Amino acid sequence: FASAKSEVASASNDSAPDTKAAEVGYVDGASPIQYTSKARVLLVGIGADEQLAGYGRHRSVYNKGGYDALRAELEMERKRIWTRNLGRDDRIISDHGKEARFPFLDEDVVGFLESLDVLDVCDMDRPQGEGDKMILRLLAKKIGVQRCSCLVKRAIQFGSRIA
């Protein structure tokens, strides 16, 4: 993370002549606002859900086959993440004149998470928003990010109600 952090900091401090406005909507039904960012580099969270049992389907797999089935599912996710949404997300971000960084796909992060047992990263006996991505949620709480550390995942197309 340290090398990505310094790279993002230096790239973000450069002037960004091509900034595009992004419309941000609110789930509560409030009117959307226009927000323009001069940041040239975006940190993207892809890989967290796939490696830390963050999708609802992971809970379904666990409910049907326990932790052994969940281990197999997460292994499959790790192997295919490179061919799924990564290219699409990168194309969308770069189309807006931005560069993406994927800290959860850093080789050291992936290697570390692979070294952990599934019981170290999640606890599917706990409720959603607590047991899924448990290791990440605990880290968020430890560094003081209390409010969002227990939010239940919602896909952007459903959370924004654009689907």
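Look a little higher up for the structure.
Everything in this summary refers to the structure shown in the same document. All chains use their own residue numbering, which begins from 1 and follows the written sequence. Local features in this predicted model are restricted to residues whose pLDDT is 70 or higher, and side-chain atom pairs enter the listing and the counts only when it is 80 or higher, whereas totals over whole chains, interfaces and linings include all residues. Here the side-chain values reflect all heavy atoms present in the structure, with hydrogen atoms and water set aside.

## Topic: the side chain of R59
Here is step 1 of the chain: For helices the rule is a DSSP run of H or I covering at least 4 residues; for strands it is a run of E covering at least 2, with both sets numbered from the N terminus onward. Within the fold, R59 resides in helix α3 (residues 56–80).
Here is step 2 of the chain: For every residue, the accessible area obtained with a 1.4 Å probe (protein chains only) is divided by the maximum for its type, and the residue is called buried under 20%, exposed over 50%, and partly exposed between those limits. Charge assignment: positive for Lys and Arg, negative for Asp and Glu; neither His nor the chain ends contribute. When a carboxyl oxygen of Asp or Glu lies within 4 Å of a side-chain nitrogen of Lys or Arg, that pair is called a salt bridge. There is no salt bridge for the buried R59, and the closest opposite charge comes from D132, which lies 4.2 Å off by N-O distance.
Here is step 3 of the chain: Polar contacts, as counted here, are pairs of nitrogen or oxygen atoms within 3.5 Å of one another; within protein the pair requires one atom able to donate a hydrogen and one able to accept it, and residues that are adjacent in sequence qualify only if both atoms are side-chain atoms. A distance of 2.9 Å separates a polar side-chain atom of R59 from the backbone oxygen of M124.
Here is step 4 of the chain: Among the polar contacts made by the side chain of R59, one reaches the main-chain carbonyl oxygen of R126 at a distance of 3.1 Å.
Here is step 5 of the chain: If sequence neighbours within four positions are ignored, R59 has contacts with M124, R126, P127, Q128 and D132. Should any heavy atoms of two residues lie within 4.5 Å, those residues are counted as being in contact.

## Considering the side chain of R101
Here is step 1 of the chain: The topology assignment puts R101 in strand β4 (residues 99–101).
Here is step 2 of the chain: Assessed through its relative accessible area of 17%, R101 is described here as buried.
Here is step 3 of the chain: Side chain to side chain, R101 and E99 meet in a polar contact 3.0 Å long.

## Comments concerning unusual backbone geometry
Here is step 1 of the chain: One non-glycine residue with positive phi stands out, namely A53, at about 60°.
Here is step 2 of the chain: With respect to the element layout, A53 can be found in the loop between α2 (48–51) and α3.
Here is step 3 of the chain: Positive phi, normally seen in glycine, also occurs at K133, with a value near 50°.
Here is step 4 of the chain: Inspection of the secondary structure assignment puts K133 in the loop between α6 (118–121) and α7 (134–142).
Here is step 5 of the chain: With relative accessibility at 14%, the residue K133 sits in the buried group.

## Quick word on the pattern of salt bridges
Here is step 1 of the chain: Evaluation of the coordinates by the stated rule reveals 13 salt bridges.
Here is step 2 of the chain: Where E99 meets R40, a salt bridge forms, and the shortest distance between an N and an O atom there is 4.0 Å. Residue E99 is found in strand β4, and its partner R40 is found in the loop between β2 (33–36) and β3 (41–43); the two are separated by 59 residues along the sequence.
Here is step 3 of the chain: Residue classification places E99 among the partly exposed positions, given a relative accessible area of 36%.
Here is step 4 of the chain: With relative accessibility at 25%, the residue R40 sits in the partly exposed group.
Here is step 5 of the chain: It is possible to trace a salt-bridge network through shared partners that takes in R40, E99 and R101.

## Examining the nonpolar core
If you look at soluble globular proteins, the nonpolar side chains tend to sit buried side by side.
Here is step 1 of the chain: L52, A53, Y62, Y67, L70, L74, V109, L113, V118, V121, C122 and M124 together form the largest nonpolar core, which totals twelve residues.
Here is step 2 of the chain: Listing elements by their share of this core, those giving two or more residues are α3, α5 (107–115) and α6.
Here is step 3 of the chain: Here the element with the most residues in this core is α3; it accounts for four residues.
Here is step 4 of the chain: Listed in part, the eight residues of the second largest apolar core include V44, I81, F102 and L105. As used in this record, nonpolar core signifies buried Ala, Val, Leu, Ile, Met, Phe, Trp, Tyr and Cys residues forming a set joined through side-chain atoms within 4.5 Å.

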